[in-house]
Amino acid sequence: MSWRPDCQCGRAKMGSPTNTFVLPGNVTAYTDAPINARTSGYLKQWFFDIGAKVKKGALLAVIESPEVDQQLVQAEADLATAQATANNSRIQAERYTGLVKSQAVSQQDTDTFVNQAAATESAVHSAQANVQRLKELQQFEKVYAPFDGVVTARTVDTGVLITQGAGAELFHIQALGTLRVYTNVPEIYSGAVKRGAKIPLTFAEHPGTTFTGTLVRTADAIDPASRTLLVEIDIDNRSGELMPGSLAQVHFNTPSAGETFMVPVAAVMFRADGLRVGVLANSNTAHLATVVIGEDDGAMIQIVNGLKASDKVIQDPPDSLIDGEKVTVVKGSGNAGKGGM
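Please read all numbers here as calculations on a predicted model, not as lab measurements. (Residues numbered from 1 in each chain as written. Predicted model: local features only at pLDDT ≥ 70, side-chain atom pairs only at ≥ 80, totals over all residues. Heavy atoms only, no water.)

Kindly report on the environment of Pro-200, identifying the contributing residues and their values.
Inspection of the secondary structure assignment puts Pro-200 in strand β12 (residues 198–203). We classify Pro-200 as partly exposed; its relative accessible area is 27%. Between the C-alpha atom of Pro-200 and that of Ile-235, which follows or precedes it by 35 residues, the distance is 9.9 Å. Setting aside anything within four residues of it in sequence, one finds Pro-200 in contact with Thr-210, Phe-211, Gln-249, Val-250 and His-251. (Helix = DSSP H or I, 4+ residues; strand = E, 2+ residues; numbered from the N terminus. Buried < 20%, exposed > 50% of the residue type's maximum accessible area, 1.4 Å probe, protein only. Contact = heavy atoms within 4.5 Å.)

Describe the packing of helix α1 (residues 66–100) against helix α2 (residues 107–139), naming the residues involved and giving the relevant values.
With their axes 7 Å apart at the nearest point, α1 and α2 run at an angle of 160 degrees to one another. Taken as axis vectors, α1 and α2 run roughly antiparallel relative to one another. In the crossing of α1 with α2, the sense of the turn from one axis to the other is left-handed. Of the residues belonging to the contact of α1 with α2, the class tally is 18 nonpolar, 13 polar and 7 charged. (Axes fitted to C-alpha atoms, helices over the stretch in contact; angles between N-to-C directions. Parallel < 35°, antiparallel > 145°, perpendicular 65-115°, else oblique. Left-handed = near helix turned anticlockwise from the far one by under 90°. Nonpolar A, V, L, I, M, F, W, Y, C, P; charged D, E, K, R; others polar.)

Account for the sheet that holds strand β10 (residues 161–162), with residues named and values stated.
What holds strands together in a sheet is hydrogen bonding between their backbones, with the strands either parallel or antiparallel. Overall, antiparallel pairing links the 4 strands, which are arranged β8-β7-β5-β10 in an open sheet. At either end of the open sheet lies a strand with only one pairing partner, and these are β8 (142–144) and β10. (Pairing = 2+ DSSP bridges.)

Any chance you could break down the nonpolar core for me, citing the residues and the numbers?
By size, the foremost hydrophobic cluster in this structure holds 24 residues, and its most contacted members are Val-181, Val-185, Leu-201, Ile-233 and Phe-252. Among the secondary structure elements, those contributing two or more residues to this core are β4 (20–36), β11 (169–186), β12, β13 (210–223), β14 (228–236) and β15 (247–253). Once you skip the residues sitting within four places of it in the chain, Ile-233 turns out to touch Leu-179, Arg-180, Val-181, Ile-199, Leu-201, Gly-213, Thr-214, Leu-215, Val-250 and Phe-252. Counting 20 residues, the second-largest nonpolar core is a separate cluster that includes Ala-145, Val-151, Ile-162 and Leu-170. (Core = buried A, V, L, I, M, F, W, Y, C linked by side-chain atoms within 4.5 Å.)

This is the structure:
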């Protein structure tokens, strides 16, 4: 005698056809950059603290780096020596080149001085490059703002030893005139996402106020892990009302999903080959219907494709349920779920 799983069944309740859905969005600065030290030394002075608005090119801090300063002095002296040596070699080469025509000197000696002049000229170029390198490194003693923005972090103070490299963040600057809002649109709605569309946005810290952003770009690819499309919405923030790092509610308008149904979340089975909902094919046989889901409020889930109004949904199927399996229906089952979104 074979074992049959017990199950409760009910008809899926009709959901309201919807042409809107809301997704959470992460708000980020349009440009976000840590400001690091390019040279080592001690912080001599800083000029802007958190919350300060800075313009591109504004002096943020000055680093004292005596080692670099002395290296530059030495390099300039080495350059002067190389130039003097090169000048002497050039004169000697020109003199021998003139004398060799009258055979007053040998061709071999002339070639030696000509090659020596070329070598010393190359040494001059090398010394010049070293001087230029150290001058540019010395310029990094002054730290400038790379763009217009707001200082959102200052991690150093006067007298602190600064080490060059990506790990030595001095300031953090964010451009807040325009904010980027990123959200992941489910695959089923991805076809309705259009560049240039005006998108309403709401924020918990601004109850009753709706902001409008512009959908500027998408990833143009569905993420295979989440089956969603990453989109970016830009919003004008010159008023400074909004802050990066906050959470936005992104309101999308889509074509009507048509006939939809609401079922308990427990009725949806997550299988390797996709989402399934168990329905009764007849009085005692289970059929696993392939479905496409819409909104999910944690208790009820919207089915936008795969069910019919006449289907009796198995409300809490066992994980082992397979297509065509015989089941025993428990009497007194209610409806699968309440309608509405």
